[in-house]
Amino acid sequence: MTVKRQSPEELLGLNKFMVDEEEPHIVLDKTICAKCKDKPCLVVCPAVLYTLKGEEINFEYAGCLECGTCRVMCKNKGIIKWQYPRGSFGVSFRCG
Ligand code: SF4
């Protein structure tokens with residue numbers, strides 16, 4: 001049996017997401033984020049959901065892998081809500 005080696009992008013692309021449009025499971029206070037010098041979320045999120053739009057943090061929760069890394073690394077409490085998505089929403093991991 002031959003196992004095809006896949007890139008991280010290919011593996012992430014296999015995941016399926018049920019996005020809860022009514023209730024985001026992660027919410028930021030961008031006024032706090034604006035004062036954060038290090039902005040670790042920009043480098044720790046494996047799904048690269050935190051980006052900079054000018055000087056402001058831009059965040060998209062739709063592709064969240066629910067790993068919790070941003071929650072742990074956010075020392076200035078800019079993440080004012082972090083919880084797992086409601087039942088039936090969120091990521092479904094698929095084997096590559
Ligand atoms: Fe990214 Fe993980 Fe935070 Fe989701 S929980 S936004 S995947 S670091």
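Rules behind the numbers
- Residues numbered from 1 in each chain as written.
- Predicted model: local features only at pLDDT ≥ 70, side-chain atom pairs only at ≥ 80, totals over all residues.
- Heavy atoms only, no water.
- Helix = DSSP H or I, 4+ residues; strand = E, 2+ residues; numbered from the N terminus.
- Buried < 20%, exposed > 50% of the residue type's maximum accessible area, 1.4 Å probe, protein only.
- Contact = heavy atoms within 4.5 Å.
- Areas by Shrake-Rupley, 256 points an atom, 1.4 Å probe, with all protein chains shown as cover.
- Lys, Arg positive; Asp, Glu negative; His and termini not counted.
- Charge placed at Lys NZ, Arg CZ, Asp CG, Glu CD.
- Near = heavy atom within 4 Å.
- 1 Å grid on protein atoms, 1.4 Å probe; cavity = no way out; pocket = protein on both sides within 12 Å on 5 of 7 lines; lining within 4 Å.
- Sits in = over half its atoms within 2 Å of the grid points.
- Nonpolar A, V, L, I, M, F, W, Y, C, P; charged D, E, K, R; others polar.
- Points joined across faces, edges and corners; volume = space filled by probe spheres on them.
- Pairing = 2+ DSSP bridges.
- Core = buried A, V, L, I, M, F, W, Y, C linked by side-chain atoms within 4.5 Å.

The subject of this paragraph is the overall build of the protein. Counting its secondary structure elements, the protein contains four helices and six strands. The order of α-helices and β-strands along the protein, N terminus first, is α-β-β-α-α-β-β-α-β-β. In terms of principal-axis extent, the alpha carbons of the protein reach across some 55 × 30 × 25 Å. Across the 96 residues of the protein, 29% fall into the buried class. Partitioning the contacts of the protein with sequence separation of at least 6, the portion at a separation of at least 24 is 70%. Taken as a whole, the protein presents about 7000 Å² of accessible surface, with 55% of it coming from carbon and sulfur. Averaging the positions of the 14 positive and the 12 negative side-chain charges in the protein gives two centres separated by 5 Å.

Attention now moves to the site of the ligand. Taken together, 14 residues sit near the ligand, with Cys 45, Cys 64, Cys 67, Gly 68 and Cys 70 positioned nearest. Using a 2 Å cut-off from the grid points, one finds that the ligand occupies the largest cavity. The residue inventory of the shell around the ligand, partitioned by class, reads eleven nonpolar, two polar and one charged.

Right, let's talk about the environment of Trp 82 for a bit. Here Trp 82 lies in strand β5 (residues 79–82). In this structure, the C-alpha to C-alpha distance between Trp 82 and Glu 23, residues 59 residues apart in sequence, is 11 Å. Residue contacts for Trp 82: discarding those within four places in its chain leaves His 25, Ile 26, Glu 66, Gly 68, Cys 70 and Arg 71.

Next up on the list: the layout of surface pockets. Using a probe with the size of a water molecule, rolled over the atoms, empty space left in the structure can be pinpointed. By volume, the largest pocket amounts to about 200 Å³. Lining the largest pocket are 17 residues, and of these Cys 36, Lys 39, Pro 40, Cys 41 and Cys 74 lie nearest its centre. Looking at the lining of the largest pocket, the elements with two or more residues in it are α2 (30–35) and α4 (69–73). Of the residues that constitute the lining of the largest pocket, the class distribution is twelve nonpolar, two polar and three charged.

This next bit is on the pairing of strand β4 (residues 56–59). Only one face of β4 is covered, namely the face carrying Ile 57 and Phe 59; the face carrying Glu 56 and Asn 58 is uncovered. Examined bridge by bridge, strand β3 (residues 50–53) and β4 share four bridges and lie antiparallel to one another. Bridge assignment links Leu 52 to a residue of β4, and that residue is Ile 57. Here β3 folds back onto β4 in antiparallel fashion, the turn holding two residues, of which Gly 54 has a positive phi close to 70°.

Formed by 17 residues in total, the largest nonpolar core has its most connected members in Ile 26, Leu 28, Tyr 50, Phe 59 and Ile 79. Residues within four places of Ile 26 in sequence aside, it is in contact with Tyr 50, Phe 59, Cys 64, Cys 70, Ile 79, Lys 81 and Trp 82.

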